Every structure is written in structure tokens, then in C-alpha cells.
2 protein chains.
Amino acid sequence: MTAMTKTKGATALPLNTILSGDCIEQMNALPEASVDLIFADPPYNLQLKGDLHRPDNSRVDAVDDHWDQFDSFAVYDRFTRDWLKAAKRLLKPNGALWVIGSYHNIFRVGAALQDEGYWILNDVVWRKSNPMPNFRGKRFTNAHETMIWASKSEGAKYTFNYEALKALNEGVQMRSDWVLPICNGGERLKDANGDKAHPTQKPASLLHRVLVGSTNPGDVVLDPFFGTGTTGAVAKMLGRDFIGIEREAAYREVAEKRIASIRPFDRSSLEVTRAKRAEPRVPFGQVVERGMLNPGEMLVSSSGKSAKVRADGTLIGDEVKGSIHQVGAQLEGAPSCNGWTYWHFKREGKLVPIDVLRQQIRDEMADRPN
Amino acid sequence: MTAMTKTKGATALPLNTILSGDCIEQMNALPEASVDLIFADPPYNLQLKGDLHRPDNSRVDAVDDHWDQFDSFAVYDRFTRDWLKAAKRLLKPNGALWVIGSYHNIFRVGAALQDEGYWILNDVVWRKSNPMPNFRGKRFTNAHETMIWASKSEGAKYTFNYEALKALNEGVQMRSDWVLPICNGGERLKDANGDKAHPTQKPASLLHRVLVGSTNPGDVVLDPFFGTGTTGAVAKMLGRDFIGIEREAAYREVAEKRIASIRPFDRSSLEVTRAKRAEPRVPFGQVVERGMLNPGEMLVSSSGKSAKVRADGTLIGDEVKGSIHQVGAQLEGAPSCNGWTYWHFKREGKLVPIDVLRQQIRDEMADRPN
DNA sequence: AAGGTAACTGAATCTAGGG
DNA sequence: GCCCTAGATTCAGTTACCT
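Residues numbered from 1 in each chain as written. Chains lettered and ligands numbered in written order. Predicted model: local features only at pLDDT ≥ 70, side-chain atom pairs only at ≥ 80, totals over all residues. Heavy atoms only, no water.

- In the nomenclature of an unreviewed UniProt entry, chain A is known as Methyltransferase of Alloyangia pacifica.
- Turning to chain A, the UniProt annotation filed under Catalytic activity (unreviewed entry) states: "a 2'-deoxyadenosine in DNA + S-adenosyl-L-methionine = an N(6)-methyl-2'-deoxyadenosine in DNA + S-adenosyl-L-homocysteine + H(+)". (UniProt positions renumbered as here; feature names shortened; annotations may be inferred.)

As C-alpha cells, this is what we get:
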């Protein structure tokens, strides 16, 4: 995959490239509402050495040796709010954000993103199967990190590939705790000396689950703390476009090389289980129009209720009439009802759900769309 | 255990009683630096909107109590800072605090307690083995809650019973993620109508681990959001003193009755924690934590030796103590011993090997690894 | 009595799209 | 924007009831 651009208004989007410099500045230089997902792995360390910059590129005062806890938190909070603000501007209305952190910083990040108007969807715990032990025996083994998944605002229509994740999880819906090993062995990038290239490289498995779950192929994923580019590498594999931002030249170099050597999975393997919601909607009236059921025919439910089909595709039962859903709900005293699975007709002595008729229509539509 | 007081300066400490009224006022009326541990389960500020129905159309019984309603984050933050301040004043210099919450509130609580000068020691994730699913398939199953463990200040000499917790976990140091079932079945307290007495009762197994890990017998444990008194019940079982604060008279009544019926290490606690976990290796500590065997119960071997179960899942016999395996080996003068088949407990006059308890746990786990 | 099935439940920020 | 309707969606239990 080569670097390319998508235009949005007057500004081009530098897809599949790594931008250098301060992430807040760089984000503010990109066109607003242009990114589908942001994955952020911000610095955890609160003992900042004065390398924080505001959006206007002014330097945040250093936390020197005499730093006091409150000042330090205040500086970190300002930095956090600044990059969260820049990130929010970049996101499309239905975009979403992931942030990962530990107890040192995640509470401040979480509070800040709520304050900035993001809407938390889940907190997800990465449960490390092979964490570093607590050598001094003074605390619990720090065996997890926390991720926050948030939409740009309350009510936004975020992407969530529920069925795909359920399939990943042996048919059971994915939980908010993910058991995954840390990044080591051959996956861990090394520099020329054989030392680890980056102190906090995240496992690709983590990004895999994030991107499969909350993006679609072709989406634009931005990582403002790109490091050695795990986000970009997995995005490329999965057929998503990425934008990385990283200040350190050494990390950028490693990331460039790493990503260049990756080839995306072929398109067909990127297809994931589709939700039923994505199927075209079929009005029950079509079933009648096509003569698959005739006006006057009786439908029955498993619970023994019955209703008669009318010419306009509505049902009439005992003192109730309306759509297949409305009549089902009323007869059951339920808040709602899926008439397609509730109602059955008789064929050769057997009860068949009317949903099979809908499926017939859908199959025909698939053969010759429009 | 009857209500008694310890004097600290001029003011008495109302041990093993439930105070009524606002927790901040009540805490401020107690003598400063008098409490060893505070366990707090504050309102989560869930912000639920409409009704939620299961796919079978049954309605989910939401936590919509008045005490969980706050007008804004600002109001919630003020409330949080106020009770954290009062709690800090109450703690002894080497005291510690636990808070539990969900993503709705825990980030705000965590940031606030850092701002108030508490020093976070760990965040601990309670991974629920049987959480409520996400019925609409729009998010990840909300399968965990987060606890923050913090000392009163940086550098404080907090209590941490590393060896006891390690023993509870069969010789491996305790991690920051705990797999425990939610509070249901016989453990769940019901009111006269058979409805749950409190919407958010916590499992005793959770408190067991907290108190064994971060207090010593005779310590004073305060819970400012006492509810139906799980903290007090477990504290009493484990020989710790408690102070509860609760505004709602109905909850206080249930808690009083509940705690009165508890005797330290009594058999009645057996039905309190029928826990399940999901690790292939079953530590004997789990058997104790789950209440399948109680601290103080005697185990016997076929050869006539005996030993007593301790709260941390170790045994104590004649001049020997340690794991079920170590104690068995020492008593037999053998190089090793399988404690699971060596030790037996009495049920209905018969000797039953403790291995059947492990098998019970494994059977429960078999269907859902992790 | 034992065994099998149906009903019920849990700290939940739980829809999408057309008119 | 709002309003209305179609119609999609659950896991690990425990308790109650039936044969």
C-alpha cells in the first residue's frame, strides 16, 4: 500500500503515512471530521520532563525536581485535554476513540474525555496472560491495562461489528475483558543493538480486535502516539487506511520499515459476519402482493394465537388489527414483537415461520439487484 | 460480637455499629486518624435513560434509585471530593482506601482521589464470571467492575498480606484481576416480598479478598456506603471491627439482622459465597474464599492427622503450617503430598476428600474457559 | 425422589431508518 | 430537527414446577 490522499474540502488527507512532530499541532493541521477512528496510547508517565506542548506550540512549563504532585497532575491534565480536543475535531460525527492506559493516567484521561463531551461506550480490560510479576511483593501483580472506547458524542452511530466479534469469541458475545499475551518474542521489535526498539510496544492482537470490532475496511484510523506503528501495521493488514503521528525519528524509522514489509490480507478474508440489520428491509405487504400468502389466510403463533391476512398486508385478529409486529405485540401484551418470526403459516400440515417467505424475496433481490 | 468502643483522644469509636445519616457528616463526627481501612461502594451515577428489555421481552430491573441520581458531572465530582476528603481525615497515617465503580464514575473517582493526595497502589478488576449480557448487541458485555486501592499518602506503610494472598492463590502471587461471580442465589438478600433487598449487593468473596489482603485481625474497617452490610458481615467473619454508615433505614435494618446472625468463621457463611472461577488450576484458597470450607474447620487425613483451615487458604496443624500439600507432607514425614486427596472434611458423619470441592469448581468452569 | 424443562434475573449510560 | 414504526437482540446461572 502506498501513500495516497483523500481530499476533504480543500485539504488532502495524508493516508498511510507517518507525520513527524507534535501530535496536537499535526492533528490541528488536518481537515476536521475526516477520520473514522482514533487509537491513542499516550504517555503514562506523570513525571514529565518539560516535553509537553500546547496546541499553539508553546512549551508547557517543566516539572522539575521540585515538582509537586498537584502541579504535575495539572500539567498532565492540560496536555490530555489538549490532545483530546484536537482528536475530537478530527473525528467524523460517527467516529470513535480508543485510549489505553494504566492506573497512573487512565482515570485522568477518562474524566477528561467525559468532560470534553465524548461518550464512553465501554471500558475494556486487557488482561495480560503473562505479565511481569511484582518483584518486591508489595502489591498485586499489575496484570492488566485499561482501554476506554468512546464515541465522539452521545447518540452518535458508532461502528460496532457485533457479529464479527461474537464469531471471534466462539459464538458468545465479546466481553469487556480480553485475555491476550503481552508483546514479546518475535513480535517484539528490536533495534540494531538487540534492545527493544520501543518500551511499550502493544501486541498486534490487541489492535486486531479493536480494528475488527470498531472499523470497516477502507476506514481511516489515526494514531497520534504512533511509536513503532502497531496501529498502522494492523490497519494495513486489515485493509484500513492509517495516519500516524510520531515525534521521535527513531520510532518513525522502525515503523516505516515494519509497515512496508506487511502485505494486507486479501479482500475476501476481510469480510466479516454481517448483521441481520444490514439486510434489505422487506415489507410484509410484498409477500401478499406476490401471492406468497393470500388475503384471508390465517396465520398462527407458537403460543396459539391467530390472525387473518388482509389485502393491504396488515393482519386482523380478535379485536386487534395492524402490522404483523403490532398485532403480535398486542396479542402477547409485549412491548414489541418481531412478526416475521412470531407468525407461521401451514404447509403440508407443518407450521412454517413467515420469515422463510421474506428470505425468498431477499434471495431474488440478490440475484438481480434493482 | 457486640457493639463496643475504642477511645481515641476524647472521642469514642462506635465499633461494630451502623450509623445512620449522611456519610460525610458522620465521618466528620468521628475522631481523625482512627480507622485502618475504608471500603467504599459509592453511587455509580449510571445515567440510564429509557427502559431496556431482554430479547424475550422481559424488562430489565434497572438501578433507578433516587440515591444514584446526580444532575451533572460537576455535582457528582463535588460529592466525590467531599466524601474522599472526610475519609482521608479518618484514616490512620498508614491506612488505606478501596473504592469500587464502573466506567460511569470510576475515572472521576480515581482522578479525584489522586487530587486529594491519596496514592494509588493498584487498580483491581473484578471480572464477573456471570455478568448480564448486552441484550441489544451494541456494545461489549459489561463484564467487570474496577476497584482502586490507595494508601492515605505517598510513602505510607500500608498493610499488604502478600503471603496470605499468595497462599489464597495456590502459591502464585495475586494478580490485579479477580474472577468472581456476582452476588445471586442464596447469598442475595431478599426483602419481605421476596424482592432483592438492595439493587447492588456485592459478593462476600470480593470483600473476603480485600480484607484478608489489606487488613489484620482487630483492624477497624469503615464503609461509608454500607447498604446491606457486606463489608460488615465479612469483617465480622474475619475478626475485624467495622463501622457502617447508611442513610436508608431499610438497608440498615437488613444489615443489622444479617450481621447479627453471623458468627466469626461460622458454618452459616458457607452459603454466603458459592463462588466460581475460571482458571484451570484451582487454588485451595478458592475453596475457602467461596465458603465451601470455612476458616476454623478441621480437616483430617485417613491416617488420623488433623489440621485447621485458615482464612488465607493455608492449614495449621500441630507445629506445622502451610499449604494443604506442605502440611500433609510434613505430618507424614514425606517429601511430598497431594493435599487434595490427603485431606478430608466431614459431611453428614462421613469423611469426604476435599478434592470433590475442587471437582465442583472445575465442573462449573468446564463450560467457559476464561 | 429424581430428573427434566420452563421461568426468571443481574450496577445497562443497549436501534435504525423513513417520513 | 421530531415522530413513528419495523424489527433485531442474551449468558450464566438459580428457582420453580412438572412428570
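Picking up where we left off.
**Some thoughts on the sheet that holds strand β15 (residues 343-347) of chain B**
- The antiparallel open sheet is built from six strands, whose spatial order is β14-β13-β12-β11-β15-β16 (chain B). Edge positions in the sheet fall to β14 (321-322) and β16 (350-353) of chain B, since each of these pairs with one other strand and no more. (Pairing = 2+ DSSP bridges. Helix = DSSP H or I, 4+ residues; strand = E, 2+ residues; numbered from the N terminus.)

**With respect to the packing of aromatic side chains**
- According to the stated counting rule, one finds 33 aromatic pairs over all chains in the structure shown.
- Both rings, one in Trp83(A) and one in Phe225(A), keep their centres 5.3 Å apart while their planes meet at 85°; by these two values the pair is edge-to-face. Pair noted here: Trp83(A) is in helix α2 (residues 69-90) and Phe225(A) is in the loop between β9 (220-223) and α6 (230-237), with a separation of 142 residues, a long-range link.
- Note on Trp83(A): relative accessible area 0%, which makes it buried.
- The interplanar angle of 70° and the centroid separation of 5.8 Å between the aromatic rings of Phe284(A) and Trp340(A) together place this pair among those described as edge-to-face. With Phe284(A) in helix α8 (residues 284-289) and Trp340(A) in helix α10 (residues 339-342), this residue pair connects regions lying 56 residues apart in the sequence. The pair formed by Phe284(A) and Trp340(A) is uniform in burial state, with each residue classed as buried.
- Three or more aromatic residues joined by ring pairs make a cluster, and in this case those are Trp98(A), Trp149(A), Tyr158(A), Phe160(A), Tyr162(A), Trp178(A) and Phe140(B).
- The ring of Phe73(A) has Arg108(A) sitting right over it, with the charged end atom 4.2 Å from the ring centre. (Phe/Tyr/Trp six-rings, centres within 6.5 Å; stacked < 30°, edge-to-face > 60°. Buried < 20%, exposed > 50% of the residue type's maximum accessible area, 1.4 Å probe, protein only. Lys NZ or Arg CZ within 6 Å of the ring centre and 35° of its normal.)

**Regarding helix α9 (residues 324-332) of chain A**
- Among the residues making up α9(A), those that are buried are Ile324(A), Val327(A), Gly328(A), Ala329(A) and Leu331(A).
- Contact partners of the buried residues in α9(A): α8, β12 (306-309), β13 (315-316), β14 (321-322), α10 and β15 (343-347) of chain A. (Contact = heavy atoms within 4.5 Å.)

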